[in-house]
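A closer look at the structure
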Amino acid sequence: MLDELEKLLAGGRVMVLSGAGISTDSGIPDYRGPTGARRRGQPMSFREFTGSEEARQRYWAGSHVGWRHVAAARPNAAHQAVSQLEAAGLVHGVVTQNVDGLHSTAGARNVVDLHGRLDAVVCLDCGDRRSRLGLAWRLAALNPDFERNAVRIAPDGDAEIDPSAVSDFRVPACRVCGGVLKPDVVFFGESVPVVRVEAAWAMLEQARVLLVLGSSLTVMSGYRFVRRASRDRRPVAVINQGPTRGDGDVTLKLEASLSDALPPLVARLTGTDVREPAQL
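In this report, we go over the structure that sits alongside the text. Please read all numbers here as calculations on a predicted model, not as lab measurements.

What counts and how
- Residues numbered from 1 in each chain as written.
- Predicted model: local features only at pLDDT ≥ 70, side-chain atom pairs only at ≥ 80, totals over all residues.
- Heavy atoms only, no water.
- Helix = DSSP H or I, 4+ residues; strand = E, 2+ residues; numbered from the N terminus.
- Expected span 1.5 Å × (residues − 1).
- Buried < 20%, exposed > 50% of the residue type's maximum accessible area, 1.4 Å probe, protein only.
- Contact = heavy atoms within 4.5 Å.
- Pairing = 2+ DSSP bridges.
- Axes fitted to C-alpha atoms, helices over the stretch in contact; angles between N-to-C directions.

1. Describing helix H8 (residues 220-231)
A turn of α-helix holds 3.6 residues, and therefore any two residues three or four places apart point the same way. In this model, H8 (12 residues) spans 15 Å end to end at C-alpha, consistent with the 16 Å of a helix rising 1.5 Å per residue. Among the residues making up H8, those that are buried are Ser221, Gly222, Tyr223, Phe225, Val226 and Ala229. Each element contacted by the buried residues of H8 is listed here: strand S1 (14-18), helix H7 (194-206), strand S9 (209-213) and strand S10 (236-239). At the C-terminal side of H8, Arg233 shows a positive phi close to 60 degrees.

Below, the structure is given as structure tokens:
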């Protein structure tokens, strides 16, 4: 199977579509395991977040814990492999459904963060956009005695917190207008910004092959690119553990850990080893 994948990618112009599975070896859990079953309840919806002050308080309490976990994560061998394939001229761009920014940290240059970035915060009232780090300091100052034991960390930087610890959690407002702050990520039920979708479509139009890494393709925002590639008779290769929604559309599928499969593939295609994450 690796031989077939090597032949498919050797011609270059590969677009990578990555999901939560590429970041699991960095310590960030995915939404679904190999069986495809959801690991946790429904994530916070955009409607709930914007419609309820209590929901925003609950979200920011969990995110205050979860953000530190995601911010401390480092790229793993799979992220590094993608950046080296890009540097070698084989991958021409990455569309990621993840919000952790690890592709860019690993050195990938042409990245579309389809669902946004958790390291930024935007005001829903005036549009002011700032670093998440500044908000983290403000949250810590307002909640110095907050109970920090999360029940479970989620891939979107949220965490499940004991409800009894949330009721007194204080959430700061926008420094510019006093409005509502939201992480600059796409919530469940929220539309992906048109500019990002257009950038992803343009990338696919230039691609010869679509390579899906670590995504179950359950969400249409990612699956639509597989459908379009299949419709346009572009080869679609998938490396993932477990079934995907796009299994009927793919040309080739490899059931494997990305950190196991990608380094030997890079060695075959570029003649170089994948650098260890510690060397980044």
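2. Some remarks on the sheet that holds S10
If you trace the 6 strands from one edge of the open sheet to the other, you get S3-S2-S1-S9-S10-S11, paired in parallel fashion. Each edge of the sheet is formed by a strand with only one pairing partner; in this case those strands are strand S3 (111-113) and strand S11 (252-254). Between one strand axis and the next, the sheet turns by 15 degrees as a mean value, whatever way the strands run. By the bridge criterion, 4 bridges tie S9 to S10 in an arrangement that is parallel. Opposite Leu213, over in S10, you have Ile239 as the bridge partner. Relative to strand S2 (residues 91-96), H7 is tilted by about 145 degrees, and along the sheet it contacts S1, S2, S3 and S9.

3. Describing the sheet that holds strand S5 (residues 129-131)
Reading across from one edge, S5-S4-S8 is the order of the 3 strands in this open sheet, with antiparallel pairing throughout. Looking at which strands have only one partner, the edges of the open sheet turn out to be S5 and strand S8 (181-185). Across the sheet, the axes of successive neighbouring strands diverge by a mean angle of 40 degrees, strand direction being ignored. Both strand S4 (residues 116-123) and S5 contribute to a ladder of 3 bridges, which runs antiparallel. Pairing of Val122 across the sheet is with Arg129, part of S5.

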